[in-house]
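# Tertiary structure, described
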Amino acid sequence: MAEKPKKFHNRRNRRKPTEQLEIARERIEILFSQAEIEFPAHPELSNRYVELARKISMKFNVPIPGTLKKRFCRECKNYLVYGKNARVRLNSDRKYILITCLNCSNKMKYGYSKEKNQNLR
Ligand SMILES: [Zn+2]
């Protein structure tokens, strides 16, 4: 009689229900759009939203989408608005974007393709 293969790591690797992950993902996106809305009047609130989004991301192990990752500083975690508190340089020859946080002068370099570039403003 063939035995069913045992799944040793089943319990350990059990992930949170997909529904919960969907909600987490959605909340991250909502927080970033709120950050964008609040920035002109309350930039400190925008930073708070980024912090919350990062916490959700870590708690549920949901990555922050690449486009949103570019919207905050990796160093000081401030919400970044290009042309306001961040400077963006495009290098079209080497296909990368250099984002400088004007708060802590941290420089972040991202490669880009045409598709990704559409999400940058
Ligand atoms: Zn910074």
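Let me begin by describing the structure that accompanies this report. (Residues numbered from 1 in each chain as written. Predicted model: local features only at pLDDT ≥ 70, side-chain atom pairs only at ≥ 80, totals over all residues. Heavy atoms only, no water.)

## Remarks on the environment of Leu 21
To be explicit about the condition: Put simply, DSSP marks the helices as runs of H or I at least four residues long and the strands as runs of E at least two long, and each gets a number from the N terminus on.
Mapping Leu 21 onto the fold places it in helix α2 (residues 18-38). C-alpha separation for the pair Leu 21 and Ser 57, spaced 36 residues apart in sequence, amounts to 9.5 Å.

## Side note on the pattern of salt bridges
To be explicit about the condition: Salt bridges, as used here, are contacts in which a Lys or Arg side-chain nitrogen is within 4 Å of a carboxyl oxygen on Asp or Glu. When a residue's accessible area, from a 1.4 Å probe over protein chains only, is under 20% of the maximum for its type it is buried; when over 50% it is exposed; and in between it is partly exposed.
By the definition in use, this model includes three salt bridges. A salt bridge links Glu 22 to Arg 25; the shortest N-O distance between them is 2.9 Å. Taken together, the positions of Glu 22 and Arg 25, both in helix α2 and three residues apart, correspond to about one turn of that helix. Taking the shortest distance from any N to any O, the salt bridge between Arg 48 and Glu 51 comes out at 3.6 Å. Of this pair, Arg 48 and Glu 51 are both found in helix α3 (residues 43-60), three residues apart, which corresponds to roughly one turn of the helix. Residue classification places Glu 51 among the partly exposed residues on the basis of a relative accessible area of 33%.

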